[in-house]
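# Residue-level structural notes
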Amino acid sequence: MSHASASLPIIDIAPYLEAERDPTKCQSTSDALHNACVDYGFFYLDISQFIDHSEPEELTRLAREFFALPQEEKDKISLEHQDNARGYQRLKQNVTNGKADNHEGIDFYKPVEKPDRSKPVWGENQWPDIPGFKHKYEKWIEKMKKLGLIVMEAMSIGLKMTTEEWMELRAQVDDSFWVMRTIGYPPLPTDDDGFSCGAHKDYGCLTFLYADPTRSALQVFLRQSSATASDLDGLPAEHGTEEGIWINADPVPNCIVCNIGEMWEIWTNGLYKSTLHRVVHRGSSYRIPFFFEPNFTANVAPLRAALCLLPSQDPSPNGGQTYESVVYGDFLLRKVGNNFALDGKGKYD
C-alpha cells in the first residue's frame, strides 16, 4: 500500500559529475545520501546528467524481446548450462523466503579469469542471441560500475571520511564483483497471492534499479512504531518483529531507485541498515537491477568514521563495534545456496 505522508528522497548526483566540482553542492548531495541511508536505506538517484533516458528504455525493449521467445529458445541459456547462477531462470525457479517468485530473469556476473562451471558463480555469462543485446547491456554495466564508485565517494564524504580513508574503502570496491539481472514479470495465475518477489534485503553494497513505469509494484518497508494492521492492506506482514509500514517506490522520471545492502550495514556498524523490500504484481513489467558489490576478496569491516558517528554504548576495547568483518566472496557464497527451487547455487532477488 502507499502511505501518503511517506516517500523516498530524490537525490541529484550531478554535482559529482562536474569536471570542476562545487564543494558546497557536493557536500549537500553527500549529506542527503547520509540522511537517506540512516532514515530509509533507500532513495531515488537523479542520473539525468549521467545517462540518456533512451538507454534503459532500449534495454527494456531487448528484455521484452527475449522474454517473448518460445520457452525452448530461452532455455538454451538456462543457468543449468553453466554454474547454476549465470544465465536464464524460468518462472518460479528463484525462491525468496521459501516461496517461488513469479518472475523469470537472466543473471550476469562479473567475468572471472579462469571460469569453472562446477564452482558456484564461477562460470561464464550466457547472452541471448538477440542483435545488440550483449553490446548494449555491457555498455550499461560499465556506466553502472562508474556510477557505483561515484556514489561510494559521495557516501564517504557523508560519513566524514578522510581522503585516505576513502582511498582504502575504494580499494575494496574498485574491482566490483557486480551482478546484473534483467527480470520479466508475466501475468499472474489467478490462484496466486500477488507477490512477484517476496520481502528480502539485498546482501551486497549498492543496488541501482531501473524499472518500467508500472506503479505500486516495488514496495519498501519503512520502520516505525505507529503502523497498524490496516496499513498493511491485507498483504502478508513478511517483516518479522519489526514494526512499520510498506510504502511504494514508484518509478520517477530520470531516476533510478537505489538501496544499500548488508555490506553497508557492516561498514557503518548498523548506522545504515539494509531495508526490506518486495515486488507486488501489477501486470506485466520489466526491471533491470544492477548490484554494485565489493571486490570478491574485499574484507568488509566497520569503518572508523562510522564508529565515530555512533554513540558508543560499549566501553570495551573495540569501541562499540558490534558487527564482525566478513570477506565478501565468502559471504556471497554462503548466501547463494538458498535462492533456487532446483538444486543449484542460487543468487540475488
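The sections below set out a description of the structure shown in this document. Just so you know, the residues in each chain are numbered from 1, in the order the chain's sequence is written. In view of the model being predicted, local features appear only for residues whose pLDDT reaches at least 70, and side-chain atom pairs are presented and counted only at 80 or more, with totals across whole chains, interfaces and linings using the full set of residues. Remark: hydrogens and water are excluded; side-chain values derive from all non-hydrogen atoms of the structure.

### Let's talk about the environment of R21
Runs of H or I in DSSP of at least four residues are treated as helices and runs of E of at least two as strands, each being numbered from the N terminus. Here R21 shows up in the loop between β1 (10–12) and α1 (23–39). Separated by 3.3 Å, the side chain of R21 and the backbone oxygen of Y16 make a polar contact. As used in this structure description, the phrase polar contact means that two N or O atoms lie within 3.5 Å; if the pair is within protein, one of them must be able to donate a hydrogen and the other to accept it, and residues adjacent in sequence are counted only when both atoms belong to side chains. A polar side-chain atom of R21 sits 2.9 Å from a polar atom in the side chain of E153.

### Re the packing of aromatic side chains
A pair of aromatic rings is counted whenever rings of Phe, Tyr or Trp (Trp by its six-membered ring) have centres within 6.5 Å, and the orientation is called stacked for planes under 30 degrees apart, edge-to-face for over 60 and tilted otherwise. Enumeration over the complete set of coordinates arrives at 15 aromatic pairs. Plain terms: the ring middles of W122 and F177 are 5.8 Å apart, the flat faces sit at 15° to each other, and that makes the pair stacked. Taken together, the positions of W122 in the loop between β6 (104–109) and α4 (133–158) and F177 in the loop between α5 (163–170) and β7 (179–185) put the pair 55 residues apart, joining distant regions of the chain. Each residue gets one of three labels from its accessible area relative to the maximum for its type: buried under 20%, exposed over 50%, partly exposed in between, using a 1.4 Å probe on protein chains only. Under the relative-accessibility criterion, W122 is labelled partly exposed at 23%. Residue F177 is classed as buried on the basis of its relative accessible area of 3%. Members of the aromatic cluster, each reached through a chain of ring pairs, are F108, W127, F133 and Y137.

### Details of the side chain of S30
Topologically, S30 is positioned in helix α1. Classification of S30 by relative accessible area gives buried; the value is 0%. Reaching out from S30, the side chain makes a polar contact with the side chain of Y16 at a distance of 2.5 Å. Discounting chain neighbours no more than four positions away, the residues touching S30 are Y16, A154, I157 and G158. Here a residue-residue contact requires only that any non-hydrogen atoms of the pair lie within 4.5 Å.

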